[in-house]
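Survey of secondary and tertiary structure
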2 protein chains.
Amino acid sequence: MTIHDHSGKERIDAVRAFNRFYTRQIGVLDEVWLKSAFSLTEARVLYELAHHDGLAASDLVRDLGLDPGYVSRLLKKFEERGLVDRAATEADARRSSIALTPAGREAFAPLNKDSHEQVRALLDRLAPADQERLVKAMRTVQDLLGDKPEPKVPYILRPLRVGDIGWITHRQGLLYAQNYGWDETYEALVAEILGEFVKTFNPQWERGWIAEREGEVVGSVFVMRKSAEVAKLRLLYVEPSARGLGIGARLVDECIGFSRAKGYKTLTLWTNDILGSARRIYQAAGFKLAEEERHHSFGKDLVGQTWNLEL
Amino acid sequence: MTIHDHSGKERIDAVRAFNRFYTRQIGVLDEVWLKSAFSLTEARVLYELAHHDGLAASDLVRDLGLDPGYVSRLLKKFEERGLVDRAATEADARRSSIALTPAGREAFAPLNKDSHEQVRALLDRLAPADQERLVKAMRTVQDLLGDKPEPKVPYILRPLRVGDIGWITHRQGLLYAQNYGWDETYEALVAEILGEFVKTFNPQWERGWIAEREGEVVGSVFVMRKSAEVAKLRLLYVEPSARGLGIGARLVDECIGFSRAKGYKTLTLWTNDILGSARRIYQAAGFKLAEEERHHSFGKDLVGQTWNLEL
DNA sequence: ATCAATTAGTTGACGGAGTCAATGAATCGA
DNA sequence: TCGATTCATTGACTCCGTCAACTAATTGAT
């Protein structure tokens, strides 16, 4: 968990280095195919056909980035060898839907197995924990570079789980340090608040929400009991990468709804005036500024604000 | 932050999916070269020559995984075009050391620039934070798959930084939940201890150490002041992926050294009997078991142990 | 309903990227 | 010293993949 400070150039060089590295890596991995009766591209086509039904030639051209003429000839050869069947589609007489024949599957199976075994051997050289890191890193690369189909559900809210309060402490500590220069005592405060919250947690009166997006924690908020009539909204935060999705407003809404349902009379919160985007959310939700006071905390001179919402 | 549970097959499939994905990705990236007067392989060779001095043909064959005959012809063509110079080496009359001529550098420059710009465009589509994630993930893949020159310094110790206590809380909470089934109150305890520690931190009497390996936190430990004569070692932990490097013992040693230097008479610690690997470290360091008591904590019936070391 | 523009697929012609095997020369090693 | 290995070159060849021209079906704009 270090804070790298990459200039654009360093990042670009790092990506280019990775491309060179993986070009080589793929070259090694592809040697498996060369032993077989199929060329690398033929193998790629077979793979696609084995894993997707009803593909047309144009799909292969698009998905694998190949030349149409080459694919045409390649499929013709496959058909002659009895590896694939082509059937014209009813909807579009130009397209034909291609499928592996049993013989095609039989020819593909050993290829597939070899490739599988080769990757297994590659992974076996790594400790299980490293295998996991590898897979996760690859998935990250793929997610970032691939065409992200904007997640249908942009985010979900869920209750707290083990690991959450540490993670929230970590992220909030870093974010406020980076953005506002707050020192480590802010992180310490978050840790204490959350530790205390979990230890004395009473689901009747209190609750925490985690906003999660594609498996990553991207925000959170807590309602804590201040007195029988007053609930306190605390530690609202949304990851910079997930802003603009309305997560902050949604989290505040949940707090308001919960507080009302539990019979609190007032929902209060404490924040600092420099946190502008949070303030806008509170205002939009109907909170009124009740009090302001200067204070020195987290290594900075700040202006604290108390906001209240009558429920 | 989800807990993935990969069987071997899933991991293998994930790696293969990544290979297919990146094969395609590289295909797209390589289109830059195709516009130029050089083939992809020629461009790769030029890149190597531009970035390393005194290469021999055999080095190119090895590093880029090419056919010797092909490289020979390729270099011959380059030489004819005046792009490279070949000079026989004194040490070995078979080898010749290859270098780009000024004309060669001039021919390579635009290629290199195009590639650079292309990657820049790729990165510009991502938010800065995502660029950072991408670079980090690529580096992880490269480190894991490349011939790892086992890091000369397998780990370093450093003082606490912002973000650490949250991270430690997060990791300890997850690890003990996964391995021993402890509930969220353990994570809460860690959060409170660390929050309190930072808030009341007195460098004269207390200290924390972070073990870091290749930029990742892999362990930590704290010495806290219990009384004028007694120091307490707390929250020792080492990531499973970093065990066997002696990090745990080293962290305990640091604690002992610090406590001695500060004039404490006793170093004490509290642990649970199920934590076997930690116990072995304490015993090896000279700690003596002083007390045992049953207790119910973290959702489990446990046997707590107090160990002491007279300094 | 019509016609231009687009898309799916085919075919011929071609180039040259990359492979394979044989060879010579220098070096290493037991 | 002599066989084995390494570096580099060359001839011969394959076939992968590109490019352009073409047909046929479909789409879409008017």
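No experiment lies behind these values; they were computed from the predicted model shown. (Residues numbered from 1 in each chain as written. Chains lettered and ligands numbered in written order. Predicted model: local features only at pLDDT ≥ 70, side-chain atom pairs only at ≥ 80, totals over all residues. Heavy atoms only, no water.)

Considering the relation of the copies chain A and chain B
Where we set the bar: Alignment of copies: least-squares fit on C-alpha atoms of residues with pLDDT of at least 70 in both copies. Note on definitions: a residue-residue contact is assigned when non-hydrogen atoms from the two residues lie within 4.5 Å.
Between chain A and chain B, which share one sequence, the superposing operator has a rotation angle of 180° and an axial displacement of 0.2 Å; the RMSD is 0.7 Å. Read as a symmetry element, the transformation amounts to a two-fold axis. The overlap is high: 98% of the interface residues of chain A also sit at the interface in chain B, so the same surface is used on both sides.

A closer look at helix α8 (residues 184–199) of chain A
In an α-helix, one full turn covers 3.6 residues, which means residues spaced three or four apart are oriented alike. Put simply, the rule reads: To qualify as a helix, a DSSP run of H or I must reach at least 4 residues; to qualify as a strand, a run of E must reach at least 2; elements of each kind are numbered from the N terminus. The length a helix should cover is 1.5 Å for every residue beyond the first. Burial here depends on accessible area, computed with a 1.4 Å probe over protein chains only, as a share of the maximum for the residue type. Under 20% is buried, over 50% is exposed, and the range in between is partly exposed.
Helix length check: α8 of chain A, at 16 residues, gives a terminal C-alpha distance of 23 Å against a target of 22 Å (1.5 Å per residue), a fit within 8%. Three or more residues of α8 of chain A are buried, namely Y186, E187, A188, V190, A191, E192, I193, L194, G195, F197 and V198 of chain A. Looking at the buried residues of α8 of chain A, the elements they touch are α7 (164–180), β4 (207–213), β5 (216–225) and β6 (230–238) of chain A together with α7 (164–180) and α8 (184–199) of chain B.

Here we look at the protein's contact with DNA strand C
The test is simple: If a single non-hydrogen atom of a residue is within 4 Å of a molecule or strand, that residue counts as near it. Nitrogen and oxygen atoms within 3.5 Å of one another constitute a polar contact, given that in protein one can donate a hydrogen and the other can accept it, and given that sequence-neighbouring residues count only through two side-chain atoms.
Around DNA strand C, 21 residues are found, and the nearest of them are S58, R73 and R94 of chain A together with T41 and Y70 of chain B. Counting only atoms of DNA strand C within 4 Å of the protein, the fraction found in sugar and phosphate groups is 63%. Contact distances for DNA strand C include 2.7 Å between a phosphate oxygen and a side-chain N or O atom of Y70 of chain B. At 3.1 Å from a base oxygen of DNA strand C is found a side-chain nitrogen or oxygen belonging to R73 of chain B.

Some remarks on the UniProt feature "domain: N-acetyltransferase" (unreviewed entry) in chain A
Condition: UniProt positions are given in the numbering used here, feature names are shortened, and annotations may be inferred rather than shown by experiment.
In this structure's numbering, the residues bearing the UniProt feature "domain: N-acetyltransferase" (unreviewed entry) are residues 155–311 of chain A. Summarising residues 155–311 of chain A: 36% helix, 36% strand, and an end-to-end C-alpha distance of 27 Å.

Here we look at the side chain of T41 of chain B
Inspection of the secondary structure assignment puts T41 of chain B in helix α2 (residues 40–51). In contact with T41 of chain B, not counting residues within four places along its chain, are L66, Y70 and L74 of chain B.

Quick look at helix α3 (residues 57–64) of chain B
Residue and element names in this part refer to chain B. Rules: The directions considered for the arc run from the helix axis to the C-beta atoms.
Buried residues of α3: D59, L60 and L64, and no others. Axial view of α3: buried residues confined to an arc of 100°, hence all on one face. Downstream of α3 by a residue or two, G65 has a phi angle that is positive, lying close to 70°.

Comments concerning the sheet that holds β6 of chain A
All names here are of chain A. What counts here: A strand pair is defined by DSSP finding two or more bridges across the two strands. Lines fitted to C-alpha atoms define the axes here, with helix axes fitted over just the stretch in contact, and angles between the N-to-C directions of these axes take values from 0 to 180 degrees.
Taken together, seven strands build an open sheet; the order of strands is β3-β4-β5-β6-β7-β9-β8 and the sheet is mixed. Edge positions in the open sheet fall to β3 (156–158) and β8 (288–297), since each of these has one partner strand only. Averaged over all neighbouring strand pairs, the angle between strand axes comes to 25°, with direction disregarded. The pairing of β5 with β6 spans six bridges and is classified as antiparallel. Looking at the pairing, R225 lines up with A231 of β6. In this fold α7 packs onto β3, β4, β5, β6 and β9 (300–310), with an angle of close to 70° to the strand it touches most, β6. Most of the contacts of helix α10 (residues 276–284) go to β9, to which it runs at about 15°, and overall it touches β6, β7 (266–272) and β9.

Some points on the interface of chain A and chain B
Think of interface size as the accessible area that goes away when the parts come together; that is how it is often given. Going by this rule: Accessible-area loss on putting two parts together, using a 1.4 Å probe and summing over both, is the definition of buried area adopted here. The salt bridge definition used is simple: a Lys or Arg side-chain nitrogen within 4 Å of an Asp or Glu carboxyl oxygen.
Contact residues are listed per partner, giving 83 residues for chain A and 82 residues for chain B. Taking both partners together, chain A and chain B bury about 8100 Å²; carbon and sulfur atoms supply 65% of that area. In this assembly, chain A and chain B are joined by four salt bridges. Here E192 of chain A ties to K199 of chain B by a salt bridge, and the two come within 2.7 Å at their closest N and O atoms. Inspection of the chain A/chain B interface yields 22 residue pairs in polar contact (both at pLDDT 80 or more).

A word on the pattern of salt bridges
If you walk through the whole model with that rule in mind, you get 31 salt bridges over all chains. The shortest N-O distance in the salt bridge between R133 of chain B and D130 of chain B comes to 3.1 Å. Within this pair, R133 of chain B and its partner D130 of chain B are both found in helix α6 (residues 128–145), separated by three residues, close to a single helical turn. The residue E216 of chain B makes a salt bridge to K136 of chain B at a minimum N-O spacing of 3.7 Å. In this pair, E216 of chain B is assigned in strand β6 (residues 216–225) and K136 of chain B in helix α6, connecting sequence segments 80 residues apart. Residue E216 of chain B is classed as partly exposed on the basis of its relative accessible area, which comes to 27%. Through salt bridges with shared partners, a single ionic network connects D59, R62, D63 and R95 of chain A.

As for the packing of helix α2 (residues 40–51) of chain A against helix α4 (residues 68–80) of chain A
Residues and elements named next belong to chain A. Note the following rule: Note on angle classes: values under 35 degrees are labelled roughly parallel, values over 145 roughly antiparallel, values of 65 to 115 roughly perpendicular, and the remainder oblique. Residues are grouped as follows: Ala, Val, Leu, Ile, Met, Phe, Trp, Tyr, Cys and Pro are nonpolar; Asp, Glu, Lys and Arg are charged; every other residue, Gly included, is polar.
Taken N-terminus to C-terminus, the directions of α2 and α4 make an angle of 75°; their axes are 11 Å apart at the nearest point. What the angle tells us is that α2 and α4 run roughly perpendicular. Counting all contacts with α2, which are made through T41, E42, V45, L46 and L49, the residues of α4 involved are Y70, L74, L75, K77 and F78. Of the residues that constitute the contact of α2 with α4, the class distribution is seven nonpolar, one polar and two charged.

With respect to the protein's contact with DNA strand D
Around DNA strand D, the surrounding shell holds 21 residues, and the nearest of these are T41 and Y70 of chain A together with S58, R73 and R94 of chain B. The contact atoms of DNA strand D, taken as those within 4 Å of the protein, divide so that sugar and phosphate hold 61%. Note that a phosphate oxygen of DNA strand D is positioned 2.8 Å from one of the side-chain N or O atoms of Y70 of chain A. Within the backbone of S58 of chain B, one N or O atom sits 2.6 Å away from a phosphate oxygen of DNA strand D. The set of elements that each furnish at least two residues to the surface near DNA strand D consists of α4 of chain A together with α3 and α4 (68–80) of chain B. Ranked by residue count, the leading element in the surface near DNA strand D is α4 of chain B, at five residues.

Observations concerning the packing of helix α6 (residues 128–145) of chain A against α6 of chain B
Angle between the axes and distance between the axes are the two parameters that describe a pair of packed helices. Threshold: Handedness of a crossing follows from how the near helix is turned relative to the far one, being left-handed for an anticlockwise turn of less than a right angle and right-handed for a clockwise one.
Contact geometry of α6 of chain A with α6 of chain B gives a least axis separation of 8 Å together with a crossing angle of 140°. Here α6 of chain A is positioned oblique relative to α6 of chain B, judged by the angle of their axes. When the axes of α6 of chain A and α6 of chain B are compared, the crossing they make is left-handed. Note on element contacts: α6 of chain B touches α6 of chain A through D130, R133, L134, A137, M138, T140, V141, L144 and L145 of chain B, opposite D130, R133, L134, A137, M138, T140, V141, L144 and L145 of chain A. Within the contact of α6 of chain A with α6 of chain B, the residues separate by chemical class into twelve nonpolar, two polar and four charged.

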